[in-house]
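Here's the letter readout for the chains.
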Amino acid sequence: RTHRPSCLGRCLLLARGWQLLLAVLLLFSVHLWREDKLWEWMGMAGVAIQADFFYATCFLFSVLAICCWPGSLVMPRARYETRAGFAVMCMAILTIGWFSLVKIAELHSLQIDFIFPQLKAWCTERPDFDTPHGIASCWLWVPVGVFYSCRSSICRPWLHFAVNMLVWCCYMPEDSCKRCRHWWEWRELVVGLVFWMCLAAVILVAVSRLMSRHQDSDRTALAAVAFAGTVVTFATFLLTSLPLIWLWAFLVASLRKLFTFFLARCNRTQTAGFFPEEVIVIIIGLWLLTRMCYLIVGRSLERRRAVRRTEEGLRRALADPFRAELEEGFGMNVVDDVEALEPGLGTSFVHLPLEDKLHAEGLVHLQSKRRLLIAARRRLLRSEVAGDALLPSRLSLHIRRPNLLHDSMQALLVRPIAELLAPSMSVGFEGEQGVDAGGLSRDWFDSVARALADIELGCAPLAATAPDATLQLRPATLGRAEVDGMRASYAAGRFLALAILREQPLPILISPLICKHLLLQPIGMRDVRQFDPDFFRHRVERLLEPDGVAGVASLTCQPELRFLSAPTAARPEPWELMPGGAAIVVTE
């Protein structure tokens, strides 16, 4: 069942993120052009791209490579040529890192000193570091200004904290204390705060791992946290560069102007007017805020609608249970059907005319049909929502391994269809370290499939083993257990569909009857005999023989047969096979 998205949602999700960013940059360029500062900003942006992004990235990668490669120099079985090659490579990487620091200092006009102060008179001018000679001679120059900036970033948060404590506790005048006044001082403060918070996170992870005494993935977890902290600190360093600070100042000034305008209207005073680019930026900001609220509320409502649709589907299934249809002419050619089967039990499922359908549709392989069906279903999802932003990009499952089956079934029941059809998937087990790169998902599929096939597990919906050694649905019971069993079967069906979607093989063999039910194919004589040979022999084959009705009636100790099901352990009371079947007598 599909529904049309609202006009409000279509308007809010009309533009993509890169389009909004491009619009904001265009408006900011108009503002700079009006202030006659466009070329100045473009010059600062060029310096920031070279120094803060390119050369800083080169330095970080060189540090990372040097930290990972020293072990290659001391390998016990490495040949001399291998060690020499690694040594030359490390020297080249060190040169690139040091050259990057020198270029950062040169682009930002920071202090650069000659390494030998006594010989400074012989070297009055710095070489051109963009030439091969300048790259080779970069070791003779020390980027002192870069080191001063790093030291200031590390110490600035503590200095700022000490100054505030003196002002608040000792009642010192603020003018006598050295606070942050320039943009680069605030940048050092912000970068330093982020650095110390990331360092504290690394220390906490290291201490927690040492106290828990996990030895398998200590280094991996610490390396992951340290790398994440480095990325966050570097991102903060980039976002506080001078060209971006001008951009943030433009956005904040527009919003502050709007706030001042409303205060002036309340106080009935005059205030400065708005420029066109400021009005458009304010509209975009309010639009983004409304869009964010719409996405949060929309995803929450979609979760609730998914739970409601699941319950409605369960109620419909209980009110109108599915009954398999029989093939046309079922029982008419019983002798030919039975003789065509070998006495042994088979588990192959080859009676569906899928190959002809595939060739008729121009699809040679089943995988092509699967991909086309998935693409068509996702296109249908896109047509049901206002924009792609409402569609989840990842299906994330967090499972407790001791409660593997219960948590997995509950997660699959409450997830919306759009989330189950997300392009990617990740699984995490509570209390276990690991990043899902495909291995954890395969482990989850394998573990859940084995739990579904566990006969001793009472809540497994597929735990009943058929006589042909395949898995079938557990027989339904009456009362509350019937609802729980139907809910478990519903979740198991979603699990099987998810395995097909993600192309994950399962270590279970499902009954051909379940496969025919899923494909809405009728049941034939072969399927009944393959599923339960004893039932087929005593209840079906004998019934279709001459005077078989009387023989089956005497076998079941009943005076006459009626259209009722055979009693089972799950349903000891027979139920009608057709409307009014309890009153209809079976005749020859």
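Residues numbered from 1 in each chain as written. Predicted model: local features only at pLDDT ≥ 70, side-chain atom pairs only at ≥ 80, totals over all residues. Heavy atoms only, no water.

### Considerations on helix α16 (residues 439–452)
Keep this limit in mind: Under the DSSP-based scheme used, a helix requires at least four consecutive residues in state H or I and a strand at least two consecutive residues in state E, with every element numbered from the N terminus. In this analysis, the expected span of each helix is defined as 1.5 Å times one less than the number of residues it contains. Using a 1.4 Å probe on the protein chains alone, a residue whose accessible area is under 20% of its type maximum counts as buried, one over 50% counts as exposed, and one in between counts as partly exposed.
In this model, α16 (14 residues) spans 20 Å end to end at C-alpha, consistent with the 20 Å of a helix rising 1.5 Å per residue. Every buried residue of α16 is listed here: Leu440, Ser441, Trp444, Phe445, Ser447, Val448, Ala449, Ala451 and Leu452.

### Describing the pairing of strand β4 (residues 424–429)
Worth spelling out the cut-off: Any two strands with at least two DSSP-identified bridges between them are counted as paired.
Most of β4 sits out of view: five of its six residues are buried. Inspection of the sheet shows strand β3 (residues 394–399) paired to β4 by six bridges, in the parallel sense. Each residue of the ladder has a partner; that of isoleucine 399, found in β4, is phenylalanine 429.

### What about the nonpolar core?
So the rule is basically this: Among buried residues, the Ala, Val, Leu, Ile, Met, Phe, Trp, Tyr and Cys ones that are joined through side-chain atoms within 4.5 Å form a nonpolar core. Pairs of residues are marked as contacts when any of their non-hydrogen atoms sit within 4.5 Å.
Membership of the largest hydrophobic core comes to 35 residues, with the highest contact counts inside it found for Leu397, Met425, Trp444, Val448, Phe495 and Leu498. Counting only elements with at least two residues in this core, the list comes to α13 (366–384), β3, α14 (404–414), α15 (417–420), β4, α16 and α17 (480–502). Apart from the residues lying within four places of it in its own chain, the contact partners of methionine 425 are Arg394, Leu395, Leu397, Asp436, Ser441, Trp444, Phe445, Leu498 and Arg502. Within the second largest apolar cluster, 16 residues are counted, among which are Ala51, Ile104, Phe129 and Trp141.

### Section: the confidence of the model for the protein
Going by this rule: Across the chain, each position has a pLDDT score giving the predictor's confidence in that residue, from 0 to 100.
Averaged over the protein, the pLDDT score is 75; the fraction of residues at 70 or greater is 70%. Here residues 334–363 scores under 50 on pLDDT; set against residues more than four positions off or in separate chains, the count is 42 contacts.

### Examining the side chain of serine 254
Inspection of the secondary structure assignment puts serine 254 in helix α9 (residues 242–267). With residues up to four places along the chain from it excluded, the contact list for serine 254 reads Phe274, Glu278, Val281 and Ile282.

### A look at a nonpolar patch on the surface
Going by this rule: Residues enter a patch when their relative accessible area is above 30% and they make no salt bridge; the linking distance is 9 Å between like charges and 5 Å between nonpolar side chains (Val, Leu, Ile, Met, Phe, Trp, Tyr). Note on areas: Shrake-Rupley, 1.4 Å probe, and residue coverage restricted to the protein chains presented here. By definition here, a salt bridge exists when the distance from a side-chain nitrogen of Lys or Arg to a carboxyl oxygen of Asp or Glu is within 4 Å.
A cluster of nonpolar side chains, Ile154, Phe195, Leu199, Ile203 and Val207, forms an exposed patch at the surface whose accessible area comes to about 370 Å². Among the elements that line the nonpolar patch, the one with the most residues is helix α7 (residues 183–212), at four residues. Counting through the fold element by element, leucine 199 comes out in helix α7. A relative accessible area of 31% places leucine 199 in the partly exposed class.

### So, the packing of α9 against helix α10 (residues 276–319)
The criterion, for reference: Note on method: axes are straight lines fitted to C-alpha atoms, helices fitted across the in-contact stretch only, with angles between N-to-C directions ranging 0 to 180 degrees. An angle below 35 degrees is treated as roughly parallel, one above 145 as roughly antiparallel, one from 65 to 115 as roughly perpendicular, and anything else as oblique.
Following both chains from N to C, one finds α9 and α10 inclined at 85 degrees, their axes separated by 9 Å at the closest point. The angle between α9 and α10 falls in the class roughly perpendicular. On the side of α9, the interface is formed by Phe250, Leu251, Ser254, Lys257 and Leu258, while α10 contributes Glu277, Glu278, Val281 and Ile282.

### Some thoughts on the pattern of salt bridges
A complete count under the given rule lists ten salt bridges for this structure. For arginine 450, the salt bridge identified is with aspartate 446, shortest N-O distance 2.9 Å. Of this pair, arginine 450 and aspartate 446 both sit in helix α16, four residues apart, which is roughly one turn of the helix. You can call aspartate 446 partly exposed: its relative accessible area is 26%. The network of salt bridges with shared partners includes Arg34, Glu35 and Glu277.

### Looking at the side chain of threonine 310
The condition is simple: Whenever two N or O atoms come within 3.5 Å, that pair is a polar contact, provided that in protein one can donate a hydrogen and the other can accept it, and provided that, for residues adjacent in sequence, both atoms are side-chain atoms.
Inspection of the secondary structure puts threonine 310 in helix α10. Looking at threonine 310, its side chain comes within polar contact range of the main-chain oxygen of leucine 413, at 3.2 Å. In contact with threonine 310, other than residues within four places in its own chain, are Leu413, Tyr490 and Arg494.

### Observations concerning the environment of alanine 206
Note on placement: alanine 206 falls in helix α7. The class of alanine 206 is partly exposed, set by a relative accessible area of 23%. Between the C-alpha atoms of alanine 206 and leucine 222, which are 16 residues apart in sequence, the distance is 6.5 Å.

### A short note on the packing of aromatic side chains
We count it as follows: When two rings of Phe, Tyr or Trp (its six-membered ring) have centres within 6.5 Å they constitute a pair, described as stacked for plane angles under 30 degrees, edge-to-face for angles over 60, and tilted for the intermediate range. Charge over a ring is defined by NZ of Lys or CZ of Arg lying within 6 Å of the ring centre and within 35 degrees of the ring normal.
Following the criterion strictly, the structure yields 15 aromatic pairs and no others. Where tryptophan 158 meets tryptophan 196, the ring centres are 5.7 Å apart and the plane angle is 75 degrees; that geometry is what we call edge-to-face. Taken together, the residues tryptophan 158 in helix α6 (residues 144–169) and tryptophan 196 in helix α7 connect sequence positions 38 residues apart. Owing to a relative accessible area of 52%, tryptophan 158 belongs among the exposed residues under this scheme. Geometrically, the ring pair formed by phenylalanine 261 and phenylalanine 262 is edge-to-face, given 5.9 Å between the ring centres and 70 degrees between the ring planes. Residue classification places phenylalanine 262 among the partly exposed residues on the basis of a relative accessible area of 48%. Each member of the aromatic cluster is reached from another via a ring pair, and the members are Phe28, Trp41 and Phe250. Its end group placed over the ring of phenylalanine 237, arginine 187 keeps NZ or CZ at 4.2 Å from the ring centre.

### Here we look at the packing of helix α2 (residues 17–34) against α9
Rules: Charged residues are taken to be Asp, Glu, Lys and Arg, nonpolar residues to be Ala, Val, Leu, Ile, Met, Phe, Trp, Tyr, Cys and Pro, and polar residues to be all remaining types, Gly included.
Relative orientation of the contacting elements α2 and α9 amounts to 90 degrees, with a least axis distance of 11 Å. Comparing their axes, α9 and α2 come out roughly perpendicular. Judged by residue contacts, Val24, Leu25, Leu27, Phe28, His31 and Leu32 of α2 engage Trp246, Leu247, Phe250 and Leu251 from α9. Looking at the contact of α2 with α9 residue by residue, the classes come out as nine nonpolar, one polar and no charged.

### Structural notes on α14
Counting buried positions along α14 gives eight out of eleven residues, so the element sits mostly inside the fold. Among all positions in α14, only Leu404, Leu405, Asp407, Ser408, Met409, Ala411, Leu412 and Leu413 are buried.

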